[in-house]
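Observations on the model geometry
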Amino acid sequence: MGTNAWCIVLCVCASASAVRLGNISTTPLISSGLPKKLIKSLFSMHPPFAPVDSNNSLCREHSRIYLEDLEEFEMWALKMFDSNAKLPSGLLNGNVNQLGDFDQCLGVQQPRGAIRGQYCLAFIEVKLKPGANEALNAVHGFAHSHYAFRSNLEDPGHRVPRFSTVNWALCVPASCPAQDIELALASSVDRYLSSSSLEIRVHVDPDMCQVRHDSIIPPPASLMAIGFFLAVMGVIATATITDYMVPDKRHATRAMEVLLAFSLVTNSRKLLSMAQSPDDIHSVHGIRALNAIMLLMSHKSMALFFHPYINRTTMTEALGKPWTVIARAASLYTDPFIMMSGLLTTYSLLRHLSRDQSINIKNEYISRVLRLVPTLGALILFCTFVLPILGSGPQWNLVVRHHAEVCKTSWWRNLLFIHNYFGFKNMCLTHTHHIGIDTQLFALSPLLVWGIWKWPKPGLFALFLLAAASTGLRFYATYVRQLNLFVYFGNPVSQMFETADYSYILPSHRFTVYAMGVSLGYGLWHWGKEFKLKTSQLTLGWFIAICMLYQSMVSPAKMGDRAYIYNRLDAANYAAFAPITWCLFFTWIIFTSHTGNGGFLSKLLSWRGFQVFTRISYSFYLTQFPVFFYNVGQVRTAEYYSILQLINIKELIVIILASATLTLTFEMPFIAIKSVFIKRRPQTRIDIAPLKTE
């Protein structure tokens, strides 16, 4: 057992395996004053890495100079050597990802020479060959933290981490190309472990190799983006001063009204207002806040898996419990938003139909575009050209710059709301897929609502058939393609992306809950606020609602256990029915609350303070992943995991402030501009956007 165990340890750490020995002289070093034996021992424990066999002549020359100067204990060469990842302790507790010293490596500069430091984060995949003994299997499992996620080098790493691969820092001369570094690394690994029971693959992505740039002037595109945001700030300042200095705005021109739409004072008052409209469906604000917070926690738990924890195995053991269904069921938390979008859109359109006998579809679509596009466009612009220049770190290019590069070529898909049809890994700001789904379903809503208004029974029956077909699609796709919406222990990363591409981001697969919202909207409009239920009916309704909650959240918890083995029938049933049962629970709360049959829970969720969150909820959804990835990209050292890291107060404050800023500077001004050009009748309607109402 001893030889194999040490073999896997060396492999996982990639210390002795991921080196290229230089010709270290045994001649006493006069300049350093260190004895020959000490020098020899020092470099034999951690041999230096340098791609001396590179096909690039400059890289070979710089590698040779580096090894010679390291032999002479030159400080710049020592810093380069010191910046490389080294063999750590805690391997069996999952401490395998070693980030080295990022800043020291980038700061390496040969005095009076051309050699500069280049930091590369290499990816190493370690798998067992068939027939490996039990002891080696155990060591491999502990080092890989029980395979909480299974990944390989081909998996995209920018949205979901390559959990099963090892991240290993290398500091090499900047003249060395990534391909030659990879070849040298692979050659060293093969030399040490070719005869072991391990299969090793390495990859050095050119995008994961970084050098320090002397210029502090941002690229022209970034300067233009910064200039745009400064111009917006200038407009806001002008509007705010004008708003303060012109108290009587009754005779304001249209141009003045457009300018005043950006007033920070007026928009802040609107944002913080707790006045409730009698036509509002109050409980949706609390339900929205609850699901948004649960979705935030689920997204945060995924972001944590990017971090190189020194106790990562302990972390996955803690997270391999059934109660973690709260985080693993992340897909459920977007379903109530789709359901409530259908509800509020239907409720609004039915009021239009009952009043005007028609729907102004053009105004509805224009209203939607003016509400969504400016905010989304501002975020894309910021994340593409501004955010990448605001920080740095070992994983910065993976989780920040990669998203920016994708957005440079595919941003237009987001603004046309078709980005969810082009694959999850190729999507600009992948978390915005929900906006595309919701907008596409919204585009169908006038036809659906008109049908049930004109022919209630046939319309509702047709709606039921469409919802049943959507449910059948989810079941069929999940079962046949072996997908899974529930993040179970040991979930392959490739399966997550396939689940997103073939089910989760398709409106045809999410239509069921939207149809539930349309049906509920029709029911609330038809029955009104005075539809009283008997005590026995309320008791039965709450019993069924609690059963629905149990079915959607408690029943699937078994899939979160470490011992669970994937079963595609379990996955298909969950994909087909969990969204329905989860949304039925909230449907009952909304129905009882709006019709005056609600109790304590309905009153709690109808608290007027939730309206403030509703107004920032769209931006809250948009900003959380950029904040998470900014922090992930900045991480330079391994940390100690604690469950309390799921609740990062500073990070939450930043997300809330960013959401409020985005809402005040883009969303609310364009809502006001929409009102300038699309005049409303005295009877107002509920204006709908994904994740929020006004």
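Residues numbered from 1 in each chain as written. Predicted model: local features only at pLDDT ≥ 70, side-chain atom pairs only at ≥ 80, totals over all residues. Heavy atoms only, no water.

Description of the environment of alanine 184
Relative to the helices and strands, alanine 184 resides in helix α7 (residues 178-193). Separated by 134 residues in sequence, alanine 184 and alanine 50 have C-alpha atoms that sit 7.8 Å apart. (Helix = DSSP H or I, 4+ residues; strand = E, 2+ residues; numbered from the N terminus.)

Quick look at the pairing of strand β3 (residues 166-173)
Burial within β3 is extensive, with eight of its eight residues counted as buried. As defined by bridge partners, strand β1 (residues 117-128) adjoins β3 across eight bridges and the pair is classed as antiparallel. Bridge pairing in β3 links tyrosine 119 to cysteine 171. (Buried < 20%, exposed > 50% of the residue type's maximum accessible area, 1.4 Å probe, protein only. Pairing = 2+ DSSP bridges.)

Thoughts on the state of the cysteines
Two cysteines, two sulfur atoms, one covalent bond between them: this is a disulfide. As enumerated under the stated definition, the model contains four disulfides in all. Two residues, cysteine 120 and cysteine 209, share a disulfide whose sulfurs are 2.1 Å apart. The sign of the 120° torsion about the S-S bond sets the cysteine 120-cysteine 209 disulfide as right-handed. One end of the pair, cysteine 120, is in strand β1; the other, cysteine 209, is in strand β5 (residues 209-210), with 89 residues separating them in the sequence. Like cysteine 209, cysteine 120 is buried. Disulfide pairing is shown between cysteine 407 and cysteine 428; the S-S distance is 2.0 Å. Disulfide cysteine 407-cysteine 428: the torsion about the S-S bond is 95°, which places it as right-handed. (Disulfide = S-S within 2.5 Å.)

Some remarks on the packing of helix α3 (residues 57-71) against helix α4 (residues 75-83)
At a minimum axis separation of 8 Å, α3 and α4 run at an interaxial angle of 105°. Between α3 and α4, the interaxial angle falls into the category roughly perpendicular. Contacts between α3 and α4 pair Ile65, Tyr66, Asp69 and Leu70 from the former with Trp76, Ala77, Leu78, Met80 and Phe81 from the latter. (Axes fitted to C-alpha atoms, helices over the stretch in contact; angles between N-to-C directions. Parallel < 35°, antiparallel > 145°, perpendicular 65-115°, else oblique. Contact = heavy atoms within 4.5 Å.)

Notes on the confidence of the model for the protein
A residue-level look at the protein finds 91% of positions with pLDDT of 70 or above and a mean pLDDT of 88. Confidence drops under a pLDDT of 50 for residues 1-31, and excluding neighbours within four residues, the segment shows 84 contacts in the predicted structure. Confidence drops under a pLDDT of 50 for residues 681-694, and excluding neighbours within four residues, the segment shows 60 contacts in the predicted structure. (pLDDT = per-residue confidence, 0-100.)

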